[in-house]
Amino acid sequence: MSEILSVTLAVRHGAFRLDVAFEAPPGITILFGPSGSGKSTTLAAIAGLIKPDRGRVSLGSDVWFDEAERIDRPVHLRRVAFVFQSLALFPHMSAAGNVAYGMDRTATRDAQRKRALELLDRFRVAHLADRRPSTYSGGEGQRVALARAFAMAPCAVLLDEPFSAMDRELRQSLCADLRASASELGVPFIHVTHHRQEARLLGDRLLFMDSGTLVAHGSPDELLRVSDG
Amino acid sequence: MSPLSLSLFVATVSTLLAAVVGLAIATLFATRRFPGRALVDVLVTLPMVMPPTVLGYYLLVLLGRRSVIGRAFEFVTGSSIVFTRTGAVVAAAIGALPIVIKSGRAALEEVDPRLVAAARTLGASPWRAFLTVRLPLAARGIIAALMLAFARALGDFGVTLMVAGNIPGETQTASLAIFDAMLAQRDRDALTLAIVLTLVATAVLYTVNKLTERRRT
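Note that the structure is predicted; figures quoted are calculated from it, not measured. (Residues numbered from 1 in each chain as written. Chains lettered and ligands numbered in written order. Predicted model: local features only at pLDDT ≥ 70, side-chain atom pairs only at ≥ 80, totals over all residues.)

Visitor: Can you help me understand the overall build of chain B in this one?
Guide: Of regular secondary structure, chain B possesses 10 helices and 0 strands. Over its C-alpha atoms, taken along the principal directions, chain B stretches across nearly 65 × 45 × 30 Å. When burial is assessed residue by residue, chain B has 40% of its 217 residues classed as buried. Relative to all contacts within chain B whose residues are 6 or more apart in sequence, the contacts with residues 24 or more apart total 75%. (Helix = DSSP H or I, 4+ residues; strand = E, 2+ residues; numbered from the N terminus. Buried ≥ 20, exposed ≤ 12 C-beta atoms within 10 Å, placed from the backbone. Contact = placed C-beta atoms within 7 Å.)

Written out as structure tokens, the structure reads:
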């Protein structure tokens, strides 16, 4: 798969206005900007969690949303993995249960569990398989959330500041794992962050958002170098 | 049946009835926006604040032997709704219903919407997300709601008297039997039943409090 996610969105919510148009090819696109700039709203609209007022969202020739054509595919049929800032791990399920949740339901329980354990192992949290989220330490929850997102064989991955509460070391290690998965999956990733180091570690390209619009795009190194010093 | 076992029977059946109807309405409120929402909310809450006589009056009009529902029921089952055990069940369920709806809805709404959203992005249909994420996470609250409803149903007096009468062995529940015992100056009987009802209510409330205590995360 090497399809491009194209996004055109207009959202009005009270005084807040979001107006963006961009394309995300396979690889990691960073959506960067201060809080309140509309990054999370953009992700939610792509996933179908909120309905934009106008716009179009498509992956290759597959149209998910088109206001003019009255196309609005339900969230669960878009197959887009979403990693929430709060992680949103199901508190009543073990790590294996969380990871298996999005898997092909025609597979047997054993097959699902086997695959869940493989994914947990790849994110180095196999030891959590039978434990519930309330017992995870910092970083472990993030890893389980990533494993869960990739278990559904997504055709796009959206990450809403999943590493915001991490220290430098954990962040670097999680970024490395995420990069490896992105190149393996070969689908568009959109990663929201307002953390410069994270943006530079992860991003193939960067979109700079402010006040609901895109103000710049380019390589993370170029865009973030100037104000880095 | 003795007043006490009749009470337990009526309360159990009416709680089940209120659970089915009430949880369906609670789910509707917790997950959907629909026209007339505010009005329906008021209507289903009315039984909490209206005099039992008024509720009883409406039920008699609605379910009485000359009403459409009453005649249909009698045609099918051969017995009337009012002044029978069925009437006692309906009377108790009417009081229990708002409790199921209010508390059930609160329990369902308390579930973090991001968890439901996460389930949806993972490919779950709205129905599957409800059954596998929202409902299990609201389970304690819902069980607490049903227990409260049971306690309420167990203690109904006014509506039952209006709709089901006070027929010993048939519709005379414990709370009605206490009233009878007092009138007939059978103080011991009244006291025994009062103590039993108090104990049951206390046990139910204690369990409800335990169930709804904030869980440590």
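Visitor: What am I meant to see in the pairing of strand S2 (residues 16-24) of chain A here?
Guide: Every other side chain in a regular strand lies on the same face of the sheet, so the side chains alternate between the two faces. Residue and element names in this part refer to chain A. The pairing of strand S1 (residues 5-13) with S2 spans 9 bridges and is classified as antiparallel. Each bridged residue has a counterpart across the sheet, and for Leu-5 the counterpart in S2 is Ala-24. Between the end of S1 and the start of S2, which pair antiparallel, lie 2 residues, with Gly-14 showing a positive phi angle near 65°. (Pairing = 2+ DSSP bridges.)

Visitor: Please explain the interface of chain A and chain B as it appears in this structure.
Guide: Size of an interface: often given as the accessible area lost when the parts come together. Contact residues are listed per partner, giving 17 residues for chain A and 15 residues for chain B. At 3 residues, the largest contribution of residues to the side of chain A that touches chain B is made by strand S7 (residues 80-83) of chain A. For the side of chain A that touches chain B, the per-class residue count stands at 11 nonpolar, 5 polar and 1 charged. (Nonpolar A, V, L, I, M, F, W, Y, C, P; charged D, E, K, R; others polar.)

Visitor: It is not clear to me how the pairing of strand S9 (residues 188-193) of chain A should be interpreted in this structure. Could you clarify?
Guide: All names here are of chain A. Burial of S9 is extensive: 6 of the 6 residues sit out of reach of the surface. Neither face of S9 is open: one carries Pro-188, Ile-190 and Val-192, the other Phe-189, His-191 and Thr-193, and all of them are buried. Two strands pair when backbone bridges link them, and strand S3 (residues 27-32) and S9 are joined in this way by 6 bridges, in the parallel orientation. Looking at the pairing, Ile-28 lines up with Phe-189 of S9. After leaving strand S8 (residues 156-160), the chain enters helix H5 (residues 168-185) and then returns to the sheet as S9, a path that is right-handed. (Right-handed = clockwise from strand over helix to strand, strands pointing away.)

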